[in-house]
Amino acid sequence: MASESGDSNMDREMILADFQACTGIDNIAEAITLLELNNWDLVAAINGVIPQENGILQSNFSSEASQATVYGPPSLSEAADAAAGSAVPPPSSSSSSSSPPSSSASAFCPINPSSRHIVERQSRMLNFRVEYRQRSVELVVEEGSTVGEIKQILETELGVPVSKMQLKGWKSGDVSDSMVLRSLHLPKNNSLYVLTPDIAPTASTSKNSALQDSLNQNFLLVISHREAQRDYNLNFPGSRTIQEVKRNISDLTNIPVRHQQWEGWPASASDDSMTLALSGISYPCHHLSVCRRSSPANAQEPTEECADVHMISDSEGDDYEDASEFGVDDSEMFGVGSSSCRKSPMMPENSENETDALIHFTSEFSSRYGETHPMFFIGSLEAASQEAFHGKARDRKLLAIYLHNDDSVLSNVFCSQMMCADSIVSYLSQNFITWAWDVTKEANKSRLLTMCTRHFGSVVTQTIRTYTTDQFPLLLIVMGKRTSNEVLNVIQGNTTVDELMMRLMGAMEIFTAQQQEDIKDEDEREAREMVKREQDEAYRLSLEADRKKREAQEREEAEQFRLEQMRKEQEEEKEAIRLSLEQALPPEPDEESGEQISKLRIRTPSGEFLERRFLGSCKLQVLFDFVASKGYPFEEFKLLTTFPRRNITQLDPGSTLLEAKLFPQETLFLEAKE
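Treat the numbers as computed from the prediction; the structure is a model and nothing was measured. Residue numbers run consecutively from 1 along every chain, following the written order of its sequence. Only residues with pLDDT of at least 70 are given local features in this predicted model, and only at 80 or more are side-chain atom pairs given and counted; all residues enter the totals for whole chains, interfaces and linings. With hydrogens and water excluded, all non-hydrogen atoms of the structure serve as input to the side-chain values.

Draft legend 1. How the structure looks around the overall build of the protein chain. To qualify as a helix, a DSSP run of H or I must reach at least 4 residues; to qualify as a strand, a run of E must reach at least 2; elements of each kind are numbered from the N terminus. When helices and strands are tallied, the protein chain shows 19 helices and 18 strands. Relative accessibility decides the category of a residue: with a 1.4 Å probe and only protein chains considered, values under 20% of the type maximum give buried, values over 50% give exposed, and everything between is partly exposed. Here the protein chain, with 674 residues, has 42% of them falling under the buried criterion. Note on contacts: a residue pair is in contact if any heavy atoms of the two residues lie within 4.5 Å. Considering only contacts in the protein chain between residues 6 or more positions apart, those separated by 24 or more positions represent 67%. Put simply, the protein chain shows about 36,400 Å² of open surface, and 50% of that area lies on carbon and sulfur atoms. Calculation of accessible area relied on Shrake-Rupley with a 1.4 Å probe; when residues are assessed, cover is drawn exclusively from the protein chains displayed.

Spelled out as structure tokens, the structure:
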């Protein structure tokens, strides 16, 4: 059982490796998920990832597109020729439905002995119809090609140098020549056009020049929504495709593209990828009407209203099911419609303070366009400037001021596609303090101009005044300087994500250069201040040490003075006691008095002798007082006999000398008490 489990794991590892090699899917978790969905059937999993139609290089433009040139690497062309000539028969309605799913995959995949079916990956092919003046070129290229390679092919087909060629019509805006088609996430069928502004048209190409001019013209489409009984007046450039118009109408009317039924399109407008300039509509104004496509039962009896030209869309616009999913207000998508159909304003007109107004703005922005948007600074413009400009040089950021206007055609497109793009949101969050304001209401606009005049000067205020409603929204990029604030850039709403990112990065380059200078100056200033602080600290410590030394000396002197005073007082006290004792002593008796006299000789610690006569009847206290009067108090010294050694001070002071046997004479000595 263990060996069977090991073999099974080895087989799955080989199938996983072959599946990744054929499909180019590097994410292991994703590859395992796809294989498990197909019960680890390698061929079925590959056919699920690489559609069968990719292997036979079909084109769905028209009958003429079947003869379009296939461009790609030599190996791919050889594989396609081999598949068309030998391995795969010409496709037909019968053969395509009856052939097994693995036939197209196996036609391009060599057999690997280590697995049942190993398939070589076939790159996805893209169809392009490119219009240039009166010519139309159809190309089929593989998804791994670059925009520059398409231009090189067009140079051969049209005779236009790549350096003078502008390839327009990309849904993501202008792209660079090095951009790989796969990264643009293009549909299978695409429509582009070539502009050559540096090549003057000849007399024979006057029609081509007119076509090029029409691509740059703006068409006013008056579109009537019959069910809602509303008219939309929309301006589109001639380079806009019919498909893009229908998607915008889907956002406005909540009618998915595949459910739209139109009337008013010319008969020549049979392809949704066609531009408005080539569709044959009237210039400068064209009237159309749209309604929701009825059910099949009702569709058999068309009404007279739709008796003109009907275009029922069922194309790639199906992905845009409902504009409400994206938080897009149908009456505000292009700034049209009655005010009663608008959502609540982005900012109330009479808000008490800027903080409340911005809280309302952020909430409304999130409800319209989703939670993925720049983090708007909640607070006054002055507080946002302080946050961005007045910290340490390393922590400073640029200030991005977003000015919204609901009456502008560009507002919702700019918010949903630019301000909510992940790359823009991430870049603004990392490098900018983003502050927003709504200038739809005149009172709010006046309030903004007052704030701008106070913080940035009258020049910025006048600049904002010059922009018309249709040029909004605006994104002002402000950089703080030592003495003033400078507006680096004013970005209008008619831009693309790439252009917006490029202008933000350009502002960051200028800011970074200035920031490096500020950091250098700040570091030098901090170094100088550090040296000064160290010097001040050293001086303070020196003063503190001197003060402590002086205080210690003063304390020592005070203590010495106190001790000296105490000593003096003690000496004075002792002297007073000595004198009082000396005065209280009875007089020394004469030797010839006839009474019993005791003659005592006392040796002091210094070696001197004290001699005195006492009456034998005198108390020992008199002897003690005599010794104390000589400077040897009873509390500090003891009086001893020589032999036998006795401590006289321990005897009763009231006993007499005779009783103490200190008669007729005795030699004593003084000893300090321990």
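Draft legend 2. View of the packing of aromatic side chains. Any pair of Phe, Tyr and Trp rings, taking the six-membered ring for Trp, is counted once the centres come within 6.5 Å. Such a pair is stacked with planes under 30 degrees apart, edge-to-face with planes over 60 apart, and tilted for the rest. Per the stated rule, a full pass over the model turns up 14 aromatic pairs. Counting every residue linked through ring pairs, the aromatic cluster contains F361, F365, Y369, F376, Y402 and F414. Both a distance and an angle decide whether a charge sits over a ring: NZ of Lys or CZ of Arg must be within 6 Å of the ring centre and within 35 degrees of the ring normal. Taking NZ or CZ as reference, R601 lies 3.9 Å from the ring centre of F609, over its face.

Draft legend 3. Spatial organisation of empty space enclosed by the protein. The pocket and cavity definitions rest on a 1 Å grid over protein atoms only: a 1.4 Å probe that fits but cannot leave marks a cavity, an open set with protein on both sides within 12 Å along at least five of seven lines marks a pocket, and residues lining either have an atom within 4 Å of a point. Grid points are joined across faces, edges and corners, and a volume is the space filled by probe spheres set on the points. Applying the stated criterion to the full structure yields 2 cavities of 30 Å³ or more. Taken as a whole, the second largest cavity encloses approximately 60 Å³ of empty space. F624, V627, Y632, P633, F634, F637, K638, L639, T649 and L670 are the residues that line the second largest cavity. Secondary-structure elements contributing two or more residues to the lining of the second largest cavity are α19 (620-629) and β17 (637-641). When residues of the lining of the second largest cavity are assigned to their parent elements, the largest contribution, 3 residues, is made by β17.

Draft legend 4. Structural view of the side chain of H373. Relative to the assigned elements, H373 resides in the loop between α12 (354-369) and α13 (381-389). By relative accessible area, H373 is classed as buried at 12%. Counted as a polar contact is a pair of N or O atoms within 3.5 Å, where, for protein atoms, one must be capable of donating a hydrogen and the other of accepting one, and residues adjacent in sequence contribute only when both atoms are in side chains. Reaching out from H373, the side chain makes a polar contact with the side chain of S366 at a distance of 2.8 Å. Once residues lying within four places of it in the same chain are set aside, the contact partners of H373 are T362, F365, S366, M419, C420 and V425.

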